Structure formats: C-alpha cells, structure tokens
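# Fold and geometry: a report
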Amino acid sequence: MMSSNEPPTPGRPAESGDHVLRAITDDDNFRVITARTTDTISGVLASQAVSPEVALPFAELVTGTVLIRETMSPAHRVQGLLKSPGRGSLVADAHPEGLTRGLAQLADGCEDFELRPGSILQMMRSMANGRIHRSVVEAPSGGAVTAALMTYMQESEQIVSVIAAGARIEEGVVRSAGGYVVQLLPGASRGPLMVMTERLEAFPPFVELFEGLDSSPRRLLDELLYGMPYAQLDESPLRFGCTCSHQTVVASLATVRRDELAQMIEEDGVIELTCDYCRTTYRVGRTHLEGLLEPS
C-alpha cells in the first residue's frame, strides 16, 4: 500500500538476533514454538511511530502472527488483521523466510488501541496455488491480543493452544519481545496435559519469565518442556523488513489511468511515493513515467 505522504524514514536493520524454535515432545502430546522478536518489533514500531499505548498490543499481534505462521503454515505468508470499532486496525505481515512487517491504520486522533465490542481478528494465509485462505473470529471485548489469538486457534483451526506474547518497551525502546505457543496434539493423554496446565498457570507474567531466561527462545523452550523429552524440529531467523521496491512502485503506477498519469507527468515530472509499511520514499522520474504511456 502506498501513499503520497512523506514521513521520516527510520531505516531498516541489516541484522537481527531474532529467531524461532519449533519442537515436539517425544510422546507426541505437545507441539511448542518459542520466539525472540525484539529486533523485529523494534523495526515495526520505528516504522509506524505509534504511541506507547498502541505499541504493546501492536507488538503482541506481530509476535502472535509469527507464532501462528510457524505453527500452522511455516512455508506460507500469514497476515493478521485486528480491527476495533472506533479505534482502527493493526496489521502484522509474516513471510516464510522470516521477513516481518506491520501496519497501523488508526482512527483520526486515536492514541490507544483496545478491543471493543464488535472487534474482529482476521487471519489470511497465502497458499502455494496463489489463493488466499481467510478466517475471521470475534475478538473478546476488553481482552488481550493473545486471547484473540487463542480464540482463533480454537474456533478456526480447532486446536487447543496456549499463546503468550509480550514486550517490554521503555521510553520508546524495545528492551525485549517474544512469545510462545503450546499446542495439545490429537490423542494427548490426560496426565501430561494436567502437568502442562499446572506449569503454565504457575509461570510469572510472560515478559518477567522471558527476561529471567535472558530472552532466549532456547531457554524458554527448555523451561516449558522441563522434564519432558522433546525433539527440535526446526530453527529459523526473523527480521523486520519490507517487500517494497522501486520496481513494485513503478508497477503500481501502471494501474493508473493513462490520462491521469499524463497529467501527473505534465504537472510534476517526478512522483514521490512512500511505503506505508517501512516509510521508504521512492522517486519515479519522467523517463519511467513516460515509459508507462508507451503502447505495450
């Protein structure tokens, strides 16, 4: 999505220490995903320049969408869209190679984001054949973003899941961010389920737990599955990034009506467009613009 606004460009981190771990217990009772998203969330929040009251639910949605992609569709792109009446919407966009971005589209003058009656969570999964699978659930009013994510897993995917996501953000700086999802697999026995339930209930708030483990997905995985033999299935990197490019900007202009494009060239000669996701500004010069008017 592009606009003609020109907000400051925060830049794009070249490196990230973020990653995701996937594991399954040897008894096939649980599947567990853990993630560090600190650098990714830093990039997302810097690009969107949201208020502190919006930053936390935004961070939880981005981390939660990464977890759901890794759990259900690690080879596909997954987008999470959270809409709240009168507040606007938050979007998380997680790609298979780990590239992740977000978009905040808030109502005018809105400085916070809460789940009001009528709020929805929509998950969109891009399939290999190009089709998009969409699923929408009602988000619990007044609840946390993670509650909406668990509602989605229960109602849409029909998998009992516990999801935790959180971030510590101080004076605009993301000190830590991450999350986990524990899923009950078909045929799980009652004993391990009771053990896991008691363990999760005894845990401190997620951010406190995560920072106590040095914000390490590995240590978090070991803590979640303490005393339960497991096999690690995969480890994959995460980073903030965007799919925009000068080429995609020019391609988007090709959809503009020829008479409107000709008028733009006559009036300006150069068009500047800014990516809504990463705030990178692109300049499209007269040569490229006139090329769009040539017969194909």
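Before reading on, note that the structure itself is shown above.
The structure reproduced in this document is the subject of the present report. Values in this document were obtained by computation on a predicted structure and should not be read as measured data. For every chain, the first residue of its written sequence is number 1, and the numbers climb from 1 along that sequence. Under the rules for a predicted model, residues below a pLDDT of 70 receive no local features and side-chain atom pairs below 80 are neither given nor counted, while totals for whole chains, interfaces and linings still include all residues. Heavy atoms throughout the structure, all of them, feed into the side-chain values; hydrogens and water do not.

### Focus on empty space enclosed by the protein
What counts is decided by this rule: Any residue with an atom within 4 Å of a point lines the site, the site being either a cavity, points on a 1 Å grid over the protein atoms alone where a 1.4 Å probe fits but cannot get out, or a pocket, an open set with protein on both sides within 12 Å along at least 5 of 7 lines. Grid points are joined across faces, edges and corners, and a volume is the space filled by probe spheres set on the points. What counts as a helix is a DSSP run of H or I of at least four residues, what counts as a strand is a run of E of at least two, and both are numbered from the N terminus. Nonpolar residues are Ala, Val, Leu, Ile, Met, Phe, Trp, Tyr, Cys and Pro. Charged residues are Asp, Glu, Lys and Arg, and all others, Gly as well, are polar.
Evaluation of the coordinates by the stated rule reveals two cavities of 30 Å³ or more. By volume, the largest cavity amounts to about 60 Å³. Forming the boundary of the largest cavity are Ile-68, Arg-69, Met-72, Ser-73, Val-78, Met-123, Met-124, Arg-125, His-133, Tyr-152 and Glu-157. Elements supplying a minimum of two residues to the lining of the largest cavity: α2 (52-72) and β7 (120-126). Among the residues forming the lining of the largest cavity, the class breakdown is six nonpolar, two polar and three charged.

### Section: the sheet that holds strand β4 (residues 78-84)
Stated formally: Think of it this way: DSSP has to see at least two bridges between two strands before they count as a pair.
With respect to topology, six strands assemble into an open sheet ordered β8-β7-β4-β5-β6-β12, the strand pairing being mixed. Of all strands in the sheet, those bounded by a partner on one side alone are β8 (132-138) and β12 (239-240). Bridge count for β4 against β7 is six bridges, and the pairing is antiparallel. Each residue of the ladder has a partner; that of Gln-79, found in β7, is Met-124.

### Details of helix α6 (residues 217-224)
Think of an α-helix as 3.6 residues a turn; residues three or four steps apart then line up on the same face. Note the following rule: Buried, partly exposed and exposed residues are distinguished by accessible area as a fraction of the type maximum, computed with a 1.4 Å probe on protein chains only: under 20%, between the cut-offs, and over 50%, respectively. Here the arc refers to the directions that run from the helix axis out to each C-beta atom. By the convention used here, residues are in contact when the closest approach between their heavy atoms is within 4.5 Å.
Considered for burial, the residues of α6 that qualify are Pro-217, Leu-220, Leu-221 and Leu-224. In an axial view of α6, the angular spread of the buried residues amounts to 100 degrees, which keeps them on one side of the axis. Taken together, the buried residues of α6 touch β2 (19-25), β3 (30-36), β10 (173-184), α4 (190-202), α5 (206-212) and β11 (230-237).

### Re the packing of aromatic side chains
We count it as follows: Any pair of Phe, Tyr and Trp rings, taking the six-membered ring for Trp, is counted once the centres come within 6.5 Å. Such a pair is stacked with planes under 30 degrees apart, edge-to-face with planes over 60 apart, and tilted for the rest.
Under the counting rule described, the total for this entry stands at two aromatic pairs. Centroid distance Tyr-180 to Phe-206: 5.9 Å. Interplanar angle 55 degrees. Geometry classified as tilted. One end of the pair, Tyr-180, is in strand β10; the other, Phe-206, is in helix α5, with 26 residues separating them in the sequence. With relative accessibility at 5%, the residue Tyr-180 sits in the buried group. A residue is classified by how much of its surface remains accessible, and Phe-206, at 10% relative accessible area, is buried. Taking 5.2 Å as the distance between ring centres and 20 degrees as the angle between the ring planes, the aromatic pair formed by Phe-206 and Phe-210 counts as stacked. Of this pair, Phe-206 and Phe-210 both sit in helix α5, four residues apart, roughly one helical turn. With respect to burial, Phe-206 and Phe-210 carry one shared label: buried.

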